[in-house]
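# Chain and residue survey
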Amino acid sequence: MHLLREGQFEVAGTFLEEAHRSPPQPALTPVTPHPHSDESDITSLKSRELQEKFSDMYSILHELKSRNLLPAIEWARTNSSALEKRGSNLEFELSKLQFIWLFQGPAINGLPDGPHNGLPGALLYARTHFPRFQSRFLRDIQQLITAMAYKSNLGTSPIPPHLRTHSAWSEVSSFFTREFCSLLGLSAESPLYIAVTAGAIALPTLLKLADIVKAKRTEWTTQNELPVEINLPRSMIFHAIFVCPVSKEQTTEANPPMMMPCGHVVAKESLQRLSKGGRFKCPYCPSESQPKDAREILL
């Protein structure tokens, strides 16, 4: 999966071929399928399907790198219903960048001069494609169209940020990658890459801890948490963390956060201690409630 996600299709194909040629030989038990069952063929079929999908993605990303938005816009239009269900605005962002790209004219975009480029081309594009976005992005469309009146002095106009593209291409490429992977039910980054990178970041701290534990001849006995904090970058933090303001302990699946009717949140064990099975007062406001009124929060 990692190889397919990275576009290493030939290496992934060789890996699968050799894995199928010499599959593992587990001992047969009632719960272990035969190693030569149809599962390997299914895996191969899924791999081919994923390879086609990711091949399309890399082809579109290559076009984006070449400043060609049309394949990405076509893909977003084809998948518009699925994207809208996710609340995604990818199609509009791509169309907006296409308008700006045409607006900047042949001196910047390098496209042939004529009725489909520059101000005439941008206006024609807006009239053709923006009406379908008016219900959701009317204000953005109005600002983009208004920018046409400031063509000669964009630097002093009130709307220049809408026409800056120096970072727009990399941003829209990342946005496209995230949405493409999301429709496949996958994260934008390879889980293997994230796990290995996070481990590499954590390793020096853990090695230092191991030396301290060895020198002091002590042991760390808690199984559910590390003895030290590992500072990972924001991009590698996927789950919200809630620390109970009463017990000062981090919540877990066995001790989840509970929200009282007043809106304040404490851990379940703290809630049980406060209520003692009956009506109780919130520790942060005058409101009173019963334990059954509290609702579990899923982080």
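The notes below deal with the structure included here. (Residues numbered from 1 in each chain as written. Predicted model: local features only at pLDDT ≥ 70, side-chain atom pairs only at ≥ 80, totals over all residues. Heavy atoms only, no water.)

## Looking at helix 10 (residues 168-183)
This is how it is decided: By the criteria applied, helices consist of DSSP H or I runs no shorter than four residues and strands consist of E runs no shorter than two, each listed in order from the N terminus. Every helix has an expected span of 1.5 Å times one less than the residues it contains. Burial status follows relative accessibility: with a 1.4 Å probe on protein chains alone, a residue under 20% of its type maximum counts as buried, one over 50% as exposed, and anything between as partly exposed.
When the terminal C-alpha atoms of helix 10 are compared, their 22 Å separation across 16 residues agrees well with the 22 Å that a helix rising 1.5 Å per residue should span. Among the residues of helix 10, those classed as buried are Ala-168, Trp-169, Val-172, Ser-173, Phe-175, Phe-176, Thr-177, Glu-179, Phe-180 and Cys-181. In the segment just after helix 10, Gly-185 is the residue with positive phi, at about 75 degrees.

## Comments concerning the packing of aromatic side chains
As a reminder, the rule being used: Only the six-membered ring of Trp is used, alongside the rings of Phe and Tyr, when aromatic pairs are assigned; centres must lie within 6.5 Å, and planes under 30 degrees apart are stacked while those over 60 apart are edge-to-face, with the rest tilted. A positively charged side chain is recorded as over a ring if its NZ (Lys) or CZ (Arg) lies within 6 Å of the ring centre. The angle to the ring normal must also be within 35 degrees.
Applying the stated rule across the entire model yields eleven aromatic pairs. Taking the centre distance of 5.2 Å and the plane angle of 80 degrees together, the rings of Trp-75 and Phe-176 count as edge-to-face. Here Trp-75, found in helix 4 (residues 70-78), pairs with Phe-176, found in helix 10; they are 101 residues apart in sequence, far enough to count as distant. Seen from their ring centres, Trp-75 and Phe-180 are 5.1 Å apart, and the 25 degrees between their planes marks the pair as stacked. Of this pair, Trp-75 sits in helix 4 while Phe-180 sits in helix 10, placing them 105 residues apart in sequence. Residue Trp-75 is classed as buried on the basis of its relative accessible area of 15%. Classification of Phe-180 by relative accessible area gives buried; the value is 4%. Each member of the aromatic cluster is reached from another via a ring pair, and the members are Phe-92, Phe-99, Phe-103, Tyr-125, Phe-130, Phe-133 and Phe-137. A cation over a ring is seen here: Arg-132 above Phe-133, with NZ or CZ 5.2 Å from the ring centre.

## Points about unusual backbone geometry
Only a minority of non-glycine residues have a phi that is not negative, and only a minority of peptide bonds are not trans. Even without a glycine there, the phi angle at Arg-67 is positive, about 65 degrees. Locating Arg-67 in the fold gives a position in the loop between helix 3 (39-65) and helix 4.

## Here we look at the pattern of salt bridges
Put simply, the rule is: Salt bridges are identified by distance alone: a Lys or Arg side-chain nitrogen within 4 Å of an Asp or Glu carboxyl oxygen.
Per the counting criterion, the structure on display carries seven salt bridges. Of the charged contacts, one joins Glu-93 and Lys-96 as a salt bridge, the two residues approaching to 3.5 Å between their closest N and O atoms. A residue pair is termed a helical-turn pair when its members lie 3 or 4 positions apart in one helix, as Glu-93 and Lys-96 do in helix 6 (residues 90-103) at three residues. Here Glu-93 falls in the partly exposed class, since its relative accessible area comes to 24%. The partner of Arg-279 in a salt bridge is Glu-288, and the shortest N-O contact between them spans 3.4 Å. Each of Glu-74, Arg-77, Glu-91 and Arg-132 takes part in one network of salt bridges that share partners.

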